[in-house]
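The chain contents come next:
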Amino acid sequence: MHSRIRVRLSGFILFASNIASFLFGFIFIVLISRNLSQHDLGVWFYVGSIITYFEFFVKVVPYWAVRDFARGRNIARTAITISSIISMPLMIIFVGSSLWISTYVEANIMVFVVASLLIPAYYVSASISSILYAKYPHQVGWRVPIIDGLKIPLALTLLPHGLAGVLSAVVIANFFYILYGLYIVKREFEKKLDYEWLKNRFKHAWLPIMQSGISYVNAASDSFLVGTLLSPTQLSLYGVGTTISNAVRSSSQLVLPFSMKVLAKTTVSKEEVSSMIKFLTIFTMPMLVGGTLISKNLYNIFGPAYIDGAGILWILLLSAVITSYTSIFSGTISGIEKSDYDLSVSFKKLLRSRLFTIILVDYLTTPLLIVSSLILIPTLNITGAAFSRLVSSLLSLVIFLSLCLQYIDVRKSLASIGKTAIACIPMSAYLLFFTYPRASTTIINIFAGATIYFATLYLIDKESRYLVKGIIRELAEKVLSILE
């Protein structure tokens, strides 16, 4: 199947959308951190880590939907319908278990009842997004203005109801995104549910269950263990660091269109992978360097009470950068795998495929994350959790890098990273000499530093100029096509 996805343009739109999401999310967390108690903020992060465990089956349908839809099979209605059905019993179980959990963390039971509605919202939106990513990745960019644009004013309105009111705002905003997604993908709806696809793919449900189960455990383990072994107050410090580092982690969105294009054509060249590494480095390097230099200022935006946690930010930022690079290599390996083309592919063939190899990596890194967290958190507190996350992400990168070496021009990639690091020097000098504790000044300095960095990179790196011009050209073409 020929892919019409414009990798750089779609990737940039998704990345810009996720940066906007980070900024909106930043405002949202600042809003609730300054209006709720530190204990309630810790409960907010704790509830989020608990819900993650109920997303164990969230990828059962989207995992196969994105692969098969990208290859031309219409299964949009089937995927969305089945995902909503799967979520219902899980929501009921969450509400039942919250009777004990709410007492343990000293929170109102209504907080958990409202939060339970996020489970069906996440399951349905996962299937909708899988369809969009496969064919219309740029359309996912509207997720931010819908969810984040709604939840902030809604949260302000519902703040008198405390944490339950804030969660209600998030639930409502997510359901509006679902309505938007359904409007976009309805053109792809098949006339009736595809039971043949469903029957064959459910035979292989073990593969996405293994993947999503371990990935969600991985995503939530450090926060869960900080909240359990330490306190909600300590988790609030760790959660602020995680929130900030999500700006870097969002750069993995740059890679998604690339992965979809590789999946559609099942081939990739060294030039394409090198270009993707360069493209990713342009955005991740300044965020890592800049975020480390002004870590205390970033924490101060959330309030003076959180500055004590700023020392862990460089660790979380570095871990996020490593995770973004890993997504290039895992996306390449997943995209070139052809074993699942046949709906009736055997269990043994899938077990020997690179799809299963990708999952095995998570089964190596997640136990490392949990064990190291159990050892380091009691002695190093939240710093121990951050180091555990870093070690886990490093192991994942090393493994995927070794599996993908034949598709990487190592010398060219290292040269690209070097030039990008040099471009960060003027920005770093500015941030070191012109930083002030006020939140408004910090935000201005972020934009000023970014301007200095991109101007420097544009001057010293010919390939970066080509990439930037390519994005501008494709964006202009997209805007003109819309206007016409």
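Residues numbered from 1 in each chain as written. Predicted model: local features only at pLDDT ≥ 70, side-chain atom pairs only at ≥ 80, totals over all residues. Heavy atoms only, no water.

J.: Pulling in residues and values, what's your account of the overall build of the chain?
T.: Of the regular secondary structure elements, the chain holds 21 helices and 0 strands. Of all 484 residues assigned to the chain, the portion counted as buried reaches 57%. Long-range pairs, those at least 24 residues apart, make up 85% of the contacts in the chain with a sequence separation of at least 6. Looking at the chain as shown, the accessible area adds up to about 20,600 Å², and 68% of this sits on carbon and sulfur atoms. (Helix = DSSP H or I, 4+ residues; strand = E, 2+ residues; numbered from the N terminus. Buried < 20%, exposed > 50% of the residue type's maximum accessible area, 1.4 Å probe, protein only. Contact = heavy atoms within 4.5 Å. Areas by Shrake-Rupley, 256 points an atom, 1.4 Å probe, with all protein chains shown as cover.)

J.: Account for unusual backbone geometry, with residues named and values stated.
T.: With a phi angle near 55 degrees, Asn 381 is a residue other than glycine that sits in the positive phi range. Residue placement: Asn 381 occurs in the loop between helix 17 (354-380) and helix 18 (382-403). Residue class for Asn 381 comes out partly exposed when judged on its relative accessible area of 35%.

J.: Describe in detail the packing of aromatic side chains, supporting the description with residues and values.
T.: The final tally for this structure, using the stated rule, is 12 aromatic pairs. With a centroid separation of 6.2 Å and 35 degrees between ring planes, the pair formed by Phe 94 and Phe 112 is classed as tilted. One end of the pair, Phe 94, is in helix 4 (residues 76-104); the other, Phe 112, is in helix 5 (residues 109-116), and 18 residues separate them in sequence. Look at Phe 112 and you get buried, because its relative accessible area is 0%. Counting every residue linked through ring pairs, the aromatic cluster contains Phe 279, Phe 283, Tyr 453 and Phe 454. (Phe/Tyr/Trp six-rings, centres within 6.5 Å; stacked < 30°, edge-to-face > 60°.)

J.: Lay out the side chain of Ser 428 in plain terms, naming residues and giving numbers.
T.: By the secondary structure assignment, Ser 428 is in helix 19 (residues 410-433). Here Cys 424 takes part through its backbone oxygen, which lies 2.8 Å from a polar atom of the side chain of Ser 428. Residues contacting Ser 428, with those up to four places away along its chain left out, are Val 289 and Leu 293. (Polar contact = N/O pair within 3.5 Å; in protein donor to acceptor, adjacent residues only side chain to side chain.)

J.: Now, about helix 2 (residues 38-53): what can you tell me, with residues and values included?
T.: Relative to the 22 Å expected for 16 residues at 1.5 Å per residue, helix 2 spans 24 Å between its end C-alpha atoms, a close match to the ideal helical length. Where helix 2 is concerned, the buried positions are Leu 41, Gly 42, Val 43, Trp 44, Phe 45, Tyr 46, Val 47, Ser 49, Ile 50, Ile 51 and Thr 52. (Expected span 1.5 Å × (residues − 1).)

J.: Lay out the nonpolar core in plain terms, naming residues and giving numbers.
T.: In terms of nonpolar packing, the biggest core is built from 143 residues, with Phe 28, Trp 44, Leu 207 and Ile 328 touching the most fellow members. It is helix 8 (residues 162-185) that contributes the most residues to this core, 13 residues altogether. If near-sequence neighbours (up to four positions away) are discounted, Leu 207 is found in contact with Tyr 63, Trp 64, Leu 350, Leu 355, Phe 356 and Ile 359. (Core = buried A, V, L, I, M, F, W, Y, C linked by side-chain atoms within 4.5 Å.)

J.: Any details on the pattern of salt bridges? Residues and values, ideally.
T.: For the structure on display, the rule yields 7 salt bridges. Between Arg 73 and Asp 194 there is a salt bridge; the shortest N-O distance is 3.1 Å. Of this pair, Arg 73 sits in the loop between helix 3 (60-70) and helix 4 while Asp 194 sits in the loop between helix 8 and helix 9 (195-203), and the two are 121 residues apart along the sequence. A relative accessible area of 15% means that Asp 194 is categorised as buried. In this structure, Glu 337 and Arg 354 form a salt bridge, with 3.0 Å as the shortest nitrogen-oxygen distance. (Salt bridge = Lys/Arg side-chain N within 4 Å of Asp/Glu carboxyl O.)

J.: Describe in detail the packing of helix 19 against helix 20 (residues 439-460), supporting the description with residues and values.
T.: Running from amino to carboxyl end, helix 19 crosses helix 20 at an angle of 145 degrees, the nearest separation of the two axes being 8 Å. Helix 20 is crossed by helix 19, and the crossing has right-handed handedness. On the side of helix 19, the interface is formed by Lys 419, Thr 420, Ile 422, Ala 423, Cys 424, Pro 426, Met 427, Tyr 430 and Leu 431, while helix 20 contributes Asn 445, Ala 448, Gly 449, Ile 452, Tyr 453, Thr 456, Leu 457 and Ile 460. Tallied by class, the residues present in the contact of helix 19 with helix 20 amount to 12 nonpolar, 4 polar and 1 charged. (Axes fitted to C-alpha atoms, helices over the stretch in contact; angles between N-to-C directions. Left-handed = near helix turned anticlockwise from the far one by under 90°. Nonpolar A, V, L, I, M, F, W, Y, C, P; charged D, E, K, R; others polar.)

J.: Hey, could you go over the side chain of Ser 125 for me, with residue numbers and the actual values?
T.: By secondary structure assignment, the location of Ser 125 is in helix 6 (residues 118-135). Judged by its relative accessible area of 9%, Ser 125 falls in the buried class. Here the side chain of Ser 125 touches Tyr 122 through a polar contact of 3.2 Å, landing on its backbone oxygen. When near neighbours in sequence (up to four residues on either side) are disregarded, Ser 125 contacts Tyr 177 and Ile 178.

J.: Could you give me a rundown of helix 12 (residues 256-265), with the residues and numbers involved?
T.: Extensive coverage of helix 12 is indicated by the burial of 7 of its 10 residues. Among the residues of helix 12, those classed as buried are Pro 257, Phe 258, Ser 259, Met 260, Val 262, Leu 263 and Ala 264. Phi for Thr 266, located one or two positions after helix 12, is positive at around 55 degrees.

J.: Just give me the short version of empty space enclosed by the protein, but keep the residues and values in it.
T.: Overall, the coordinates contain 2 cavities of 30 Å³ or more when judged by the stated rule. Empty space within the second largest cavity amounts to approximately 30 Å³. Around the second largest cavity sit Val 60, Val 61, Trp 64, Trp 197, Leu 198, Arg 201 and Phe 202, which together line it. Contributing elements (two or more residues each) for the lining of the second largest cavity: helix 3 and helix 9. With 4 residues, helix 9 is the single largest residue contributor to the lining of the second largest cavity. (1 Å grid on protein atoms, 1.4 Å probe; cavity = no way out; pocket = protein on both sides within 12 Å on 5 of 7 lines; lining within 4 Å. Points joined across faces, edges and corners; volume = space filled by probe spheres on them.)

J.: Outline the environment of Ser 334, supporting the account with residue identities and numerical values.
T.: For Ser 334, the position within the fold is in helix 15 (residues 313-336). When the C-alpha atoms of Ser 334 and Ser 353 are compared, they prove to be 9.6 Å apart, with 19 residues separating the residues in sequence. In this structure Ser 334 touches Arg 67, Leu 263, Leu 355 and Ile 358, once residues within four positions along its chain are discounted.

J.: Hey, could you go over the packing of helix 4 against helix 9 for me, with residue numbers and the actual values?
T.: At their nearest, the axes of helix 4 and helix 9 sit 11 Å apart, and the two run at 55 degrees to each other. Considered as vectors, helix 4 and helix 9 are oriented oblique to each other. Crossing of helix 4 over helix 9 shows right-handed handedness. Taking contact as the criterion, the partners of Thr 78, Ile 82 and Ile 86 in helix 4 are, on helix 9, Trp 197, Leu 198 and Phe 202. Residue classes in the contact of helix 4 with helix 9 are distributed as 5 nonpolar, 1 polar and no charged. (Parallel < 35°, antiparallel > 145°, perpendicular 65-115°, else oblique.)

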